[in-house]
Amino acid sequence: MMRQRNPATTHMYKSRKRLLILDADGTTIDAFSAIEAAFSRHGLDIGDEARFQKRHNLFKYLGGLKEFPSIIKKNLRKNSRARLVDSLTEVYRQEATMYEGIPDLVRELVAAPDVVVGMVTRNITNEPLETLRQLFQRHDIDINALDFLVHIPLSEKKTSQFRAIREQFGINPARAYVCGDEHKDFTAAIGSGMHPFMVSYGFEDYDRLTEKFEIPHELISRTSGELCQRIRHALDLGKGRGGPVSTRTRTAAR
């Protein structure tokens, strides 16, 4: 007796490609150095990176308790905050760098015919998509070669956006991956049925991720080099497959 197949599951996914969703600040881009440079232009000190990683989100751009009085005095006024964001935008566009090994990885991902790759970001600079275009261009990456580039406000959760992208390309969640540096990235990845690649060199450190939010240490890369190795292994990206950026047609999900 032949087993009958459920037609709803037979054609559930239209693609056999893998999906990788990249995060920008703290995962692919050295955001701390950029933020530190922007604050220093206004005579402000955000403290060292280790303390920066341990602060609550509310204090990330306002400084820790020791720096807080001067930060409040100079930056909580609307016009001062606008000038600070202007400086941050300029730093991102002209000076900010991607973590070591990440540019080569992105070019390799873009060139891989069986990988759908793009970025979901909460970058807070002025015209963030243009900011990222200029930053990526300085690293010899055409951001238009990504399959999608989505900016969402700080108040919006990434879960629904992750799911929408996966469904747009018809990809099995078991073949879908998300990169992130904060516990909310982990939650959004799991919540949308995807595998998380977490890093501890961004906005949240290893102890905070593993102890406070109980994220499995097996999922966490302590360096960008380790992240690149994990991704290449998971997506079967062999050596020598990088090459120039592909010129294939891409669909933008904005």
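What comes next is a walk through the structure. In this text, all values refer to a predicted model and were calculated from it rather than measured experimentally.

This brings us to the sheet that holds strand β1 (residues 18-22). A sheet is described by the order of its strands in space; here six strands give the open sequence β3-β2-β1-β4-β5-β6, paired in parallel fashion. A strand with exactly one partner marks an edge of an open sheet, and here the two such strands are β3 (148-151) and β6 (220-221). The pairing of β1 with strand β4 (residues 176-180) spans three bridges and is classified as parallel. Across the sheet, Ile21 pairs through a bridge with Val178, a residue of β4. Helix α9 (residues 183-191) contacts β4 and β5 (195-199) of the sheet and is inclined by roughly 170 degrees relative to β5.

Our focus in this paragraph is helix α2 (residues 31-40). For α2, every residue scored as buried is listed here: Ala31, Phe32, Ala34, Ile35, Ala38 and Phe39. Buried residues in α2, looked at end-on, bunch into an arc of 165 degrees, giving them a common side.

Inspection of the secondary structure puts Gly238 in the segment after α11 (224-234). With a relative accessible area of 29%, Gly238 lands in the partly exposed category. Between the C-alpha atoms of Gly238 and Glu108, which are 130 residues apart in sequence, the distance is 9.4 Å.

Taken as a whole and assessed by the stated rule, the structure comprises twelve salt bridges. Among the ionic pairs, Arg133 bridges to Glu130, the shortest N-O distance being 2.7 Å. Note that Arg133 and Glu130 are positioned in helix α7 (residues 128-138) at a spacing of three residues, about one turn of the helix. A relative accessible area of 24% means that Glu130 is categorised as partly exposed.

What follows covers the pairing of strand β2 (residues 115-121). β2 sits mainly inside the fold: seven of its seven residues count as buried. As paired elements, β1 and β2 share five bridges and run parallel to each other. Looking at β2, one finds that Arg18 is bridged to Val115. Two elements, β2 and β3, share four bridges in a ladder whose sense is parallel. Its bridge partner lying in β3, Thr121 is registered against His151. The β-α-β motif built from β2, the intervening α7 and the parallel element β3 has right-handed crossover chirality.

Cut-offs applied
- Residues numbered from 1 in each chain as written.
- Predicted model: local features only at pLDDT ≥ 70, side-chain atom pairs only at ≥ 80, totals over all residues.
- Heavy atoms only, no water.
- Pairing = 2+ DSSP bridges.
- Helix = DSSP H or I, 4+ residues; strand = E, 2+ residues; numbered from the N terminus.
- Contact = heavy atoms within 4.5 Å.
- Axes fitted to C-alpha atoms, helices over the stretch in contact; angles between N-to-C directions.
- Buried < 20%, exposed > 50% of the residue type's maximum accessible area, 1.4 Å probe, protein only.
- Arc of directions from axis to C-beta.
- Salt bridge = Lys/Arg side-chain N within 4 Å of Asp/Glu carboxyl O.
- Right-handed = clockwise from strand over helix to strand, strands pointing away.

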